[in-house]
Amino acid sequence: MIYLDNAATTLHKPSQTVRAIAEALNTFGNSSRGTHSVSLSAAFSVYEARVKIAEFFNCPKPEYAAFTLNATHALNIAINGLLKEGDHVISTDWEHNSVLRPLYRLEAERQVSLSFLKADSKGRTDFLSIPEYITPKTRAVICTHASNVTGNMADLEMIGEIARRHGLLFIVDASQSAGFADIDMQKMNIDVLCYTGHKGLMGPQGTGGICLREPLDIRPFYCGGTGVQSHNQRQPEQLPTLLEAGTLNSHGLAGLSASLDFIKEIGLENIRAKEKQLAELFLKQVKDCESVTIYGDFESAQRAPLISLNIGDLPSGTAADILALQYDIAVRPGIHCAPRIHEALGTAERGAVRFSFSYLNTEAEVMQAAQAVKEIAEA
Amino acid sequence: MSEDINYYILFDNYTHGLALYKLLQLDSIPARISPTPHILQEKVSCGMSLLIMPEDIEAVRACIAEHGAAYHDIAALPCQIKTDRFRFC
């Protein structure tokens, strides 16, 4: 199979990641539960993963990096934990349902009001217009770093500066950019960074996290056992324990830790260069096909390594089915859990076929996928 | 290690405890990760502690100060284990 659905999850993981998880399975007790040797094996592994994540995103302290099951989990902690009755939030048309649904729920339940920066037909958004949306009740700017549909990327440093200037929390969804783009929480003034481990970071599913720039007044999304302060009737207030009730996925985090080592060995800039090269190669091959419509802003210097398109008048699901059945190529059709951007692109009904690339893909795979698109377009 | 008194560094959570353990290792200050004796477990302390030798307390404090390491307290407690019956180091 040619797997080009890496924006959903990376299929191919570094071999050291696979080994780390396999080894952890029979050697880890429960992290933060006791001090016998296998509990400590898990605890040290989790601690090391925490240190690596903090370093990777330039989060000020490892303890400000709490682990979650995925980015949706992290975003729910951030959105539900920070927004209060009557707050106003500025977000964008780029957002995934992992941001939109928690916001819509708070709109209904806590009278949180929402403003969305509009995207145009190429998915472009004017982030400089953020100040025009600010009201006395505005509490936060919440945006994704990279659209999971168009691949368009936001200038986090610029948005972070606007948020800082106006005293707003800046919450970032890095689902599509972690492991591809440079993310520096301190330089970019990011107050809360939510990421997943199983996409660009090439770790296993069931890993992710929320990183805070400083301890914030954040209400934990859930409470429970922590292995510490057991007589305390409240969730311990210290990070990361505040946000980590229940047994951690230490087996998965061992894998994520190994993936971070892999990224460090290869170099994030080299990973980014290869993924960009694969995406550009694909684009070059298909962009001149008469019946292929490509979505996104290709004049921008920064883009995530994915390309969404439609072929002739084929429904996106049909095109993906042909690619799977006839060519053994895995892509993602439909709305990609991002309804607002599809409305902006004019593809709300039809969806689009998304090709997304990983460091572990090859040029040969990309050329075969492009050839398949051409053949379907000409059929 | 003193025969009678044990010294425990207490923490709010494992992250703080493991962070200091690593720092002590780097400074070659011996410490053992130990369950926190129940009698020392106030509402705010964690299930793990670091058992240190009395002669190292000042070095431990210096290490904590140098790195701004988080900890809850350093507590003294008469040894809970009968050393004539159990191995304890």
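Just above, that's the structure.
Residues numbered from 1 in each chain as written. Chains lettered and ligands numbered in written order. Predicted model: local features only at pLDDT ≥ 70, side-chain atom pairs only at ≥ 80, totals over all residues. Heavy atoms only, no water.

### Here's the deal with the overall build of chain A
Going by this rule: For helices the rule is a DSSP run of H or I covering at least 4 residues; for strands it is a run of E covering at least 2, with both sets numbered from the N terminus onward. Here the globule rule reads 2.2 Å times residues to the power 0.38, and the radius of gyration is calculated from C-alpha atoms. Using a 1.4 Å probe on the protein chains alone, a residue whose accessible area is under 20% of its type maximum counts as buried, one over 50% counts as exposed, and one in between counts as partly exposed. In these tables, accessible area is a Shrake-Rupley quantity obtained with a 1.4 Å probe, and a residue counts as shielded only by the protein chains included in the view. Counting rule applied: Lys, Arg positive; Asp, Glu negative; His and chain ends not counted. Charged groups are reduced to one reference atom each: NZ for lysine, CZ for arginine, CG for aspartic acid, CD for glutamic acid.
Across its full length, chain A holds 11 helices and 12 strands. Against the 2.2 N^0.38 benchmark of 21 Å for 379 residues, chain A shows a C-alpha radius of gyration of 21 Å, consistent with a compact globule. Taken over the C-alpha atoms alone, chain A extends approximately 70 × 55 × 30 Å along its principal axes. Out of the 379 residues in chain A, the part that is buried amounts to 59%. Entry remark: accessible area of chain A is about 15100 Å², with carbon and sulfur atoms responsible for 49%. Computed over 34 positive and 43 negative side-chain charges, the inter-centroid distance for chain A is 4 Å.

### Section: the state of the cysteines
All names here are of chain A. Quick note on the threshold: The disulfide criterion used throughout: a pair of cysteine sulfur atoms within 2.5 Å.
Tallied over the full model, the rule gives 0 disulfides over all chains. Looking at C211, it has no disulfide partner, and the nearest cysteine sulfur is the one in C59, 4.6 Å off. The exposure class of C211 is buried, given its relative accessible area of 0%. Take C337: it sits in no disulfide, and the sulfur closest to it among the cysteines is that of C194, at 17 Å.

### Quick look at the pairing of strand 3 (residues 88-92) of chain A
Residue and element names in this part refer to chain A. Definition in use: Any two strands between which DSSP finds at least two bridges are classified as paired. Note on handedness: a crossover is taken as right-handed if, strands pointing away from the viewer, the path from the first strand over the helix to the second is clockwise.
With 5 of its 5 residues buried, strand 3 lies for the most part within the structure. Neither face of strand 3 is open: one carries H88, I90 and T92, the other V89 and S91, and all of them are buried. Here strand 3 runs beside strand 4 (residues 113-117); their pairing, made up of 5 bridges, is parallel. The residue bridging I90 from the neighbouring strand is S115, located in strand 4. The parallel pair strand 3 and strand 4, bridged by helix 4 (residues 97-109), forms a crossover whose chirality is right-handed. In the sheet, strand 3 pairs with strand 5 (residues 138-144) via 3 bridges, with the strands oriented parallel. Directly across from H88, in strand 5, lies its bridge partner T138.

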